[in-house]
Amino acid sequence: MTQETAGKPFTIVQDGSVTTPAGFRAGGLHCGLKKTSRNDLGAIVCEVPAAAAAVYTTNKVQAAPIKVTRESLAAGGRLRALLVNSGNANACTGKQGEADAYEMRSAFAAAAGIPAEQIAVASTGVIGELLKMDRVREGIGRLPQQLAGDDRSANEFCQAILTTDLVKKSICVAVEAGGRTIHVAGAAKGSGMIHPNMATMLGFVTTDANIGSEALQSLLSSATDRTFNMITVDGDTSTNDMLVAMASGLAGGEELTPLHPDWNSFGDALRYVCEVLAKAIARDGEGATKLVEVRVSGAQSDRSAAAIAKTIVGSSLVKSAVFGADANWGRIIAAAGRAGEPLDPDSVDISLGPILTLKESRPVAFDEEAALEYLKGDTVEIIVDLHIGGGAAVAWGCDLTYDYVRINAAYRT
């Protein structure tokens, strides 16, 4: 047990991965969609039809793979596989893009011996370019031989879903339920075009819990609202965001429902996995040097606190001040005030980590050198207390750097 999970109903599985839950294999390879030699095609496969749930981008423009995945889940709420490519989003590609997404599904079904309607498809990368399907077909033909249940294969999958990400994002925890050990694991990608709700992120959760699709959907949606929907990097919402969970049920035991005595423990474990992945995405924002965590309390409601926290963490001026290690609390209260939520302008407290900078909306003398040193750290916590109610929320983001502009000025070329 780590300090982070002390008192929690679950423990982190060191070196765990999406293949740790019983029944799952994964793998990845390079098929030529990326200009580099990094992996760009991967899959997670379950040996049995898994109960499945998903959350998608809120962008009105949605990529072809989302249509295919929605259709697969609607066919029965169960999945055997997730097929993912990076390097090309297959978005805004018209009827040909849809045909290509369906072909990816059918080709992998034939190669892996899985019914096509039990396969989800996801893509990430450049928008508006057709997939190089000759390369995709060749890669899909080789992919089943790359699938295994070991950590190396799980890492190959994690590498296959990255775009401008600098690091892979993976987590696994174990939780006791009904006298059995259940594993919940996740892998994600995301670095730019990150903004609630959902973002240019792909997230995949595996578990061996015995749980139905509807119950899993309820927990996944709730966890998403408190984690992935509380991060922002640049204020842009992608066309391809997708979070999919698969439950093999191979841990056995009584089915998890809201009436199960360990329902909340499993829900906490799932939410923790989502939170770790969400924070990793925020920390790995394009060009980012710091993770920014905004904690708002004393709001009129949790919903109001969430809106204020997301406004603060998404403010370009706040993000720039954090990058420059400038203890500019004025930008923070200004962002809070424009969130469109109830606020008493005479009762706001603001702290930067342990350093109080504003009390009842009045400046407090503080040690500028201590604030500078704190803001130079790789994690910056902004604490805001509104003193008007019991609502609270946490949001995560990153600083805004010169490198963000450099990366996105030439993303397509």
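Rules of the game
- Residues numbered from 1 in each chain as written.
- Predicted model: local features only at pLDDT ≥ 70, side-chain atom pairs only at ≥ 80, totals over all residues.
- Heavy atoms only, no water.
- Disulfide = S-S within 2.5 Å.
- Buried < 20%, exposed > 50% of the residue type's maximum accessible area, 1.4 Å probe, protein only.
- Helix = DSSP H or I, 4+ residues; strand = E, 2+ residues; numbered from the N terminus.
- Pairing = 2+ DSSP bridges.
- Expected span 1.5 Å × (residues − 1).
- Arc of directions from axis to C-beta.
- Contact = heavy atoms within 4.5 Å.
- Phe/Tyr/Trp six-rings, centres within 6.5 Å; stacked < 30°, edge-to-face > 60°.
- Axes fitted to C-alpha atoms, helices over the stretch in contact; angles between N-to-C directions.
- Parallel < 35°, antiparallel > 145°, perpendicular 65-115°, else oblique.
- Left-handed = near helix turned anticlockwise from the far one by under 90°.
- Nonpolar A, V, L, I, M, F, W, Y, C, P; charged D, E, K, R; others polar.
- 1 Å grid on protein atoms, 1.4 Å probe; cavity = no way out; pocket = protein on both sides within 12 Å on 5 of 7 lines; lining within 4 Å.
- Points joined across faces, edges and corners; volume = space filled by probe spheres on them.

(A) Here's a closer look at the state of the cysteines. Considering all chains together, one arrives at zero disulfides under this definition. In this structure cysteine 172 is not part of a disulfide, and its nearest cysteine sulfur, from cysteine 158, lies 12 Å away.

(B) Spotlight on the pairing of strand β7 (residues 180-189). Burial runs high along β7: eight of the ten residues are buried. Between the antiparallel neighbours strand β6 (residues 169-177) and β7 lie two residues, among them glycine 178 with a positive phi of about 60 degrees. Strand direction decides the pairing type here: β7 and strand β8 (residues 202-207), joined by six bridges, are antiparallel. The residue of β8 that forms the bridge with lysine 189 is leucine 202.

(C) Highlighting helix α5 (residues 213-226). The end-to-end C-alpha separation of α5 is 20 Å, in line with the 20 Å expected for 14 residues at 1.5 Å each. Three or more residues of α5 are buried, namely Ala215, Leu216, Leu219, Leu220, Ala223 and Thr224. The buried residues of α5 occupy one face: seen down the axis, they fall within an arc of 165 degrees. Contacts from the buried residues of α5 go to β3 (41-56), β9 (242-247) and α6 (263-283).

(D) Structural view of the packing of aromatic side chains. All told, the structure shown has two aromatic pairs when counted by the stated rule. Summarising the aromatic geometry, the rings of phenylalanine 10 and tyrosine 272 are spaced 4.9 Å apart at their centres and angled 40 degrees between planes, so their arrangement reads as tilted. Separated by 262 residues along the polypeptide, phenylalanine 10 in strand β1 (residues 10-12) and tyrosine 272 in helix α6 bring together distant segments of the chain. For tyrosine 272, a relative accessible area of 8% corresponds to the buried category.

(E) Looking closely at unusual backbone geometry. Backbone geometry at cysteine 92 places phi at a positive 60 degrees, although glycine is not the residue there. Mapped onto the elements, cysteine 92 comes out in the loop between β4 (78-88) and α2 (94-112). Located in the positive-phi region is alanine 325, a residue other than glycine, with phi close to 55 degrees.

(F) Up close: the side chain of serine 315. Following the sequence through the fold, serine 315 ends up in the loop between α7 (302-314) and α8 (316-323). Here serine 315 is in contact with Ala335 and Arg338, once residues within four sequence places are set aside.

(G) Summary view of the sheet that holds strand β13 (residues 362-363). Spatial strand order, β13-β12-β11-β14-β10-β15: six strands in an open sheet with mixed pairing. Lying at the two open borders of the sheet, with one neighbouring strand each, are β13 and β15 (391-398). Here strand β10 (residues 291-299) pairs with β15 via seven bridges, running antiparallel. Opposite valine 292, over in β15, you have glycine 397 as the bridge partner.

(H) Spatial organisation of the environment of threonine 239. Looking at the secondary structure, you find threonine 239 in the loop between α5 and β9. Its relative accessible area of 6% is what places threonine 239 among the buried residues. Sequence separation between threonine 239 and alanine 339 is 100 residues; the distance between their C-alpha atoms is 25 Å. With near-sequence residues (within four places) excluded, threonine 239 lies in contact with Thr57, Asn59, Val61, Gln62, Ala63, Ile66, Ala91 and Ile127.

(I) Expanded view of the packing of helix α1 (residues 64-74) against α2. The interhelical angle for the contact between α1 and α2, taken along N-to-C directions, is 50 degrees, at an axis separation of 8 Å. Viewed along their axes, α1 and α2 adopt a mutual orientation that is oblique. As for the relative orientation of α1 and α2, their crossing is right-handed in sense. Along its contact with α1, which presents Ala64, Pro65, Lys67, Val68, Glu71 and Ser72, the element α2 presents Gly97, Glu98, Ala101, Tyr102 and Arg105. Considering only residue class, the contact of α1 with α2 consists of five nonpolar, two polar and four charged.

(J) Geometry of empty space enclosed by the protein. On inspection of all chains with the given rule, the structure shows one cavity of 30 Å³ or more. Empty space within the largest cavity amounts to approximately 70 Å³. Along the walls of the largest cavity sit Val318, Ala321, Val322, Asp326, Ala327, Asn328, Arg331, Ile332, Leu352, Leu375 and Ile382, which together make up its complete lining. Among the elements that line the lining of the largest cavity, the one with the most residues is α8, at three residues. Counted by class, the lining of the largest cavity contains eight nonpolar, one polar and two charged residues.

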